[in-house]
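Chain and residue survey
The residues making up each chain are set out below.
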Protein chains: 2
Amino acid sequence: MDHKARFAGHSGDRGGGKSNLNASKPATIEDVALIAGVSIATVSRALNEPGKVADSTRRRVIDAVAQTGYTTNAMARSLRMRRSHMILILAPDVGDPNFSNILVGLETEASKRGYGILIGNTQNDPEREANYLRFISSNQADGLILLTGHLPYGLTASGPNKKLPPMVAVNEPVANASIPFVGVDNFEGARVATDHLISQGHTRIAFIGKSLSRTVASLRERGYRTAMQGAGLTIDERFVLEADGTTESGRGAAERMFVRDQLPTAFFCVNDATALGVIIALSARGYDLPLDFSVMGFDDISYASFVTPSLTTMKQPRLQIGEASMDLLLAMLEGEEVKKREILLRSDLILRNSVAMRRA
Amino acid sequence: MDHKARFAGHSGDRGGGKSNLNASKPATIEDVALIAGVSIATVSRALNEPGKVADSTRRRVIDAVAQTGYTTNAMARSLRMRRSHMILILAPDVGDPNFSNILVGLETEASKRGYGILIGNTQNDPEREANYLRFISSNQADGLILLTGHLPYGLTASGPNKKLPPMVAVNEPVANASIPFVGVDNFEGARVATDHLISQGHTRIAFIGKSLSRTVASLRERGYRTAMQGAGLTIDERFVLEADGTTESGRGAAERMFVRDQLPTAFFCVNDATALGVIIALSARGYDLPLDFSVMGFDDISYASFVTPSLTTMKQPRLQIGEASMDLLLAMLEGEEVKKREILLRSDLILRNSVAMRRA
DNA sequence: ATGGGTAATGAAAAGGTTTACATGACTTTC
DNA sequence: GAAAGTCATGTAAACCTTTTCATTACCCAT
């Protein structure tokens, strides 16, 4: 009571302003200024650059803010500052277990630095991609995180002459465009994975998941080849099979393998989903894994440990990837000097039960 | 060329305006108006209410828009309209496989209706929840989707006197607050699940996952009890065990079961994660599933089919849930008369290999 | 005392829309 | 042929900030 009256007195200082206090509309900076007995400029400064305002007035402003429940209108601020403090994340499928923790990492880092995230699920539909660009062009988002592996349709079309918005490609690099990239070192990871199979005595190692179009797949294949070569093993090209990265494609590839006269003893699969398909196919044929065949995946998706046999694989540090890429993007946005335009994180070998020593 | 000149002529009509055409800044409505030779009001109308503008001028406006590459500045529009066309989604863990497709559904429906989504990962941290409310209070989001099962911290505190923003609770209802809800019919689903076990000849059926605090768990427990009662079976209360819904809790509960003198023949688990824990525990003890014990889950999370034995469970129509809840929220937002404040979707029984006839 | 510098504040512009109200031309109606 | 509409458009206010520039008050050194 007492203290309400005190503030009322303050507000009276400036005479009959157009006070809106009892209206139900949210308080504006003007309401705060009125109560604190200062100009709106001072209120703005008190909140955003506290150092530039006298202690006593700052206190009055803070009190007034508390009293009115004022929160600055983000739209007005963004309009004036031309910064929304929002980041648009474009992903082909938000539900993809591969993305889950990357999203969490992205969100965590963004939130920590006062940014919000805005999600666009494109399903690789050019129309949806282009549509989401309006968030960028209309200033609703300051930057772009690309989980799609390619430039969104609208940007591709307008060509490289137009200046691209600040963006970072994550997980899957963008071909033919020097977009900063954050992801796992796929080449090195595949090498480590293959080396592990070799260390278990395997020499006839198949690679399931060759793909000309997907950069990640090519890198992993190269890692596989390098490891084989490094160990002095020759690659039977009939053991290198195409697959598009789905469980079904893995199953199919494994089936195709059985028309050959000779079989590998181990399968290195381009990712866990593919590996799962291979496991399903082999189990269906009655083989005992990992006794009869070893199967190695890549990614360590959430259910890799629940499959039977549980999947030996390379773990992607997803949380880290998310955080690092958001960190990079925000650094770019805030004008910090960014030296590394490519951040490759290490993936770790996760030993489980789908890989065993080659049978003597 | 020719046609550029034509437009230049138009723009000249109004005399020396402050044309900004060659500047690198994005075009504003004023630039368009200048070129089309109309006022900015007309441009706005031509774009937003085409019917209110003469055909000929509308064409000129459209041409001018194309020429300038104009896109309306979302910030300015939102500021003026007090509508951001953004929806804030609050989830405890975006990476949770239970949410994945709900998110996709939410995004799809929102995008279809011209809204964008903004994601807040709260990790059940009151501070983060409260922090995200600024998106609502600052007009950055028009509505709220709650996947958390409770009101975000800031709202709880301010009490029910303050008017709540438009919101819809999804998946997990919010207790003690009449928030519109969209989710699966947990009671009915649990009844169907239990009935299935009963139909397989089981009579000693355990319920793993009792929880006093989680509404969903209580509903499922009630469904279980109702089914048992309906079949004239008595529930051995020692078979009703608490568990918090994690895999680890399921494993622990199953272990606790083995200190009893009598065992159930089937386990109905409050969710798939719990069921997985139970399967792990039973397998570790050397039992042969589903021969020795039947295990039933709930949710049909993504890896339910990859577990061994693959999990018989109740499928949540996640995509539908997401779409329906966004639809409901947007309807509320756009002032449509909303009759149903609760939408319960049916969950379907998914038959797999973790449930079998009771051994004779 | 005077001039120059600094610190705290205010007035007003700018940011880009939408929209209530006004205006003017043209059509209809008696 | 005048009054009453209707239709297309324009003017200007409103939305709520941040920030430039100007102003005032004060202090210090000369």
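Our subject is the structure listed above.
Report follows, based on the coordinates. (Residues numbered from 1 in each chain as written. Chains lettered and ligands numbered in written order. Predicted model: local features only at pLDDT ≥ 70, side-chain atom pairs only at ≥ 80, totals over all residues. Heavy atoms only, no water.)

**Observations regarding helix α13 (residues 318-333) of chain A**
Residue and element names in this part refer to chain A. Which entries qualify depends on this criterion: The numbering of helices and of strands both runs from the N terminus, where a helix is a DSSP run of H or I of at least 4 residues and a strand a run of E of at least 2. One less than the residue count of a helix, multiplied by 1.5 Å, gives the span that helix is expected to have. Any residue under 20% of the maximum accessible area for its type is buried, any over 50% is exposed, and the rest in between are partly exposed; the area is computed with a 1.4 Å probe on protein chains only.
With 16 residues, α13 extends 22 Å between its outermost C-alpha atoms, agreeing within 8% with the 22 Å of an ideal straight helix rising 1.5 Å per residue. For α13, the full list of buried residues reads Arg318, Ile321, Gly322, Ala324, Ser325, Met326, Leu328, Leu329, Leu330, Ala331 and Leu333. Immediately beyond the C-terminal end of α13, within one or two residues, lies Gly335, with a positive phi of roughly 75°.

**What to know about the pattern of salt bridges**
To keep it simple, the criterion reads: The rule for a salt bridge is simple: a side-chain nitrogen of Lys or Arg has to be within 4 Å of a carboxyl oxygen of Asp or Glu.
Using the criterion set out here, one finds 40 salt bridges over all chains in the structure. One salt bridge in this structure joins Glu109 of chain A and Lys112 of chain A, with 3.4 Å as the shortest N-O distance. Highlighted residues: Glu109 of chain A and Lys112 of chain A, both in helix α6 (residues 97-112), separated by 3 residues, approximately one helical turn. Measuring nitrogen to oxygen at the nearest pair gives 3.2 Å for the salt bridge that ties Arg220 of chain B to Asp299 of chain B. You can see Arg220 of chain B sitting in helix α10 (residues 215-230) and its partner Asp299 of chain B sitting in the loop between β9 (294-296) and β10 (313-315), a full 79 residues away along the chain. In terms of burial, Arg220 of chain B and Asp299 of chain B fall into one category: buried. Several salt bridges converge on common partners, so that one network encompasses Glu109, Lys112, Arg113, Asp327 and Glu334 of chain A.

**What about the protein's contact with DNA strand C?**
Here is the rule: We call a residue near a molecule or strand when any one of its heavy atoms sits within 4 Å of it. Pairing of N or O atoms within 3.5 Å defines a polar contact, subject to two protein rules: one partner must be a possible hydrogen donor and the other a possible acceptor, and residues neighboring in sequence count only if both atoms are side-chain atoms.
Close contacts around DNA strand C come from 28 residues, with Thr42 and Thr57 of chain A together with Ile29, Ser44 and Arg80 of chain B the closest. The protein-proximal atoms of DNA strand C, defined as those within 4 Å of the protein, are 63% sugar or phosphate. Contact distances for DNA strand C include 3.0 Å between a phosphate oxygen and a backbone N or O atom of Ala54 of chain A. Tyr70 of chain B is positioned with one of its side-chain polar atoms (N or O) 2.9 Å from a sugar or linking oxygen of DNA strand C.

**Things to note about the environment of Phe258 of chain A**
All names here are of chain A. Looking at the secondary structure, you find Phe258 in the loop between α11 (247-257) and β8 (266-269). On the accessibility criterion, Phe258 (17% relative accessible area) is buried. Considering only alpha carbons, one finds Phe258 and Ser199, 59 residues apart in sequence, at a separation of 25 Å.

**Observations concerning empty space enclosed by the protein**
All names here are of chain B. Using the following cut-off: Computed over the protein atoms alone on a 1 Å grid, cavities are sets of points where a 1.4 Å probe fits but cannot get out and pockets are open sets with protein on both sides within 12 Å along at least five of seven lines; a residue lines them when it has an atom within 4 Å of a point. Grid points are joined across faces, edges and corners, and a volume is the space filled by probe spheres set on the points. By the convention adopted, Pro, Cys, Tyr, Trp, Phe, Met, Ile, Leu, Val and Ala count as nonpolar, Lys, Arg, Asp and Glu as charged, and the other residues, Gly among them, as polar.
The full count for this structure, using the stated rule, is 2 cavities of 30 Å³ or more. Reported here for the largest cavity is a volume of approximately 80 Å³. Considering only residue class, the lining of the largest cavity consists of 7 nonpolar, 5 polar and no charged. Considering only enclosed or pocket space, the second largest cavity measures out at about 30 Å³ in volume. Taken together, Asp272, Leu276, Ile301, Tyr303, Ala304, Val307 and Leu311 form the lining of the second largest cavity. Tallied by class, residues from the lining of the second largest cavity come to 6 nonpolar, no polar and 1 charged.

**Focus: the protein's contact with DNA strand D**
Around DNA strand D there are 27 residues in total, and Ile29, Ser44 and Arg80 of chain A together with Thr42 and Thr57 of chain B lie nearest to it. Between a phosphate oxygen of DNA strand D and a main-chain N or O atom of Ile29 of chain A, the distance comes to 2.6 Å. Mapped by element, the contributors of at least two residues to the surface near DNA strand D are α3 (40-48) and α5 (74-81) of chain A together with α3 (40-48) and α5 (74-81) of chain B. When residues in the surface near DNA strand D are grouped by element, the largest group, 5 residues, is from α3 of chain A. A per-class count over the surface near DNA strand D returns 11 nonpolar, 9 polar and 7 charged.

**Remarks on the environment of Leu90 of chain B**
All names here are of chain B. Rule in force here: By definition in these notes, contact holds between two residues if any of their heavy atoms fall within 4.5 Å.
One can find Leu90 in strand β1 (residues 86-91). Under the relative-accessibility criterion, Leu90 is labelled buried at 0%. Spatially, the C-alpha atom of Leu90 lies 17 Å from that of Ala324, the residues being 234 residues apart in sequence. With sequence-adjacent residues up to four places away left out, Leu90 is seen in contact with Gly120, Thr122, Tyr132, Leu144, Ile145, Leu146, Leu147, Thr148 and Pro152.

**Structural notes on the packing of aromatic side chains**
How we decide: Any Phe, Tyr or Trp ring, taking Trp's six-membered ring, that has another such ring centre within 6.5 Å forms a pair; planes under 30 degrees apart are called stacked, those over 60 apart edge-to-face, and the others tilted. Note on geometry: a ring has a charge over it if NZ (lysine) or CZ (arginine) is within 6 Å of the ring centre and within 35 degrees of the ring normal.
Under the criterion given, the structure shown has 18 aromatic pairs over all chains. Geometrically, the ring pair formed by Phe267 of chain B and Phe293 of chain B is edge-to-face, given 5.7 Å between the ring centres and 70° between the ring planes. Taken together, the residues span a long stretch of sequence, with Phe267 of chain B in strand β8 (residues 266-269) and Phe293 of chain B in the loop between α12 (272-284) and β9 at a distance of 26 residues. The exposure class assigned to Phe293 of chain B is buried, which follows from its relative accessible area of 6%. Linked through ring pairs, Phe258, Phe267, Tyr287 and Phe293 of chain A together constitute an aromatic cluster. If you follow Arg220 of chain A out to its NZ or CZ, it ends over the ring of Phe298 of chain A, 3.8 Å from the centre. The side chain of Arg285 of chain A reaches across the aromatic face of Phe258 of chain A, ending 4.1 Å from its centre.

**Here we look at the interface of chain B and chain A**
Selection criterion: Computed with a 1.4 Å rolling probe, the buried area is the accessible surface lost when two parts are put together, summed over both parts. Should DSSP find at least two bridges between two strands, the strands are regarded as paired.
Taken together, the contact between chain B and chain A spans 43 residues of the former and 43 residues of the latter. Taken over both partners, the interface formed by chain B and chain A buries close to 3700 Å², and the fraction arising from carbon and sulfur atoms is 60%. Our count for the contact surface shared by chain B and chain A stands at 2 salt bridges. Between Arg128 of chain B and Glu107 of chain A there is a salt bridge whose closest N-O contact spans 2.7 Å. Between the two partners, chain B and chain A, sit 13 residue pairs in polar contact (both at pLDDT 80 or more). Where the side of chain B that touches chain A is concerned, the elements lending two or more residues are α5, α6 (97-112), β2 (116-121) and α7 (126-137) of chain B. Here the side of chain B that touches chain A is composed, by residue class, of 17 nonpolar, 20 polar and 6 charged. For strand β2 (residues 116-121) of chain A and β2 of chain B, the ladder comprises 3 bridges, and the chain directions are antiparallel. Looking at the pairing, Ile119 of chain A lines up with Ile117 of chain B of β2 of chain B.

**Details of the relation of the copies chain B and chain A**
Applicable threshold: Least-squares fitting of one copy onto the other uses the C-alpha atoms of those residues that reach a pLDDT of at least 70 in both copies.
Mapping chain B onto chain A is achieved by rotating through 180° and translating by 0.0 Å along the same axis, at an RMSD of 0.1 Å. Such values leave the two copies arranged in the relation of a two-fold axis. For chain B, the residue whose C-alpha comes nearest the rotation axis is Leu118 of chain B, separated from it by 2.1 Å. Looking at chain B, 100% of its interface residues are interface residues in chain A too, so the copies touch through the same face.

**Regarding the sheet that holds strand β6 (residues 205-210) of chain A**
What holds strands together in a sheet is hydrogen bonding between their backbones, with the strands either parallel or antiparallel. Residues and elements named next belong to chain A. Selection rule: Orientation is described by lines fitted to C-alpha atoms, with helices fitted over the stretch in contact, and by angles between N-to-C directions that extend from 0 to 180 degrees.
The sheet built from 4 strands is open, its strands ordered β7-β6-β8-β9 with parallel pairing. Across the chains shown, the open sheet's two edge strands, defined by having one partner strand only, are β7 (240-242) and β9 (294-296). Each strand axis lies, on average, 20° off the axis of its neighbour in the sheet, ignoring direction. One ladder, built from 3 bridges, connects β8 with β9; its direction is parallel. The residue bridging Phe267 from the neighbouring strand is Val295, located in β9. In the packing of helix α10 (residues 215-230) onto the sheet, contacts are made with β6, β7 and β8, and the angle to β6 comes to roughly 165°.

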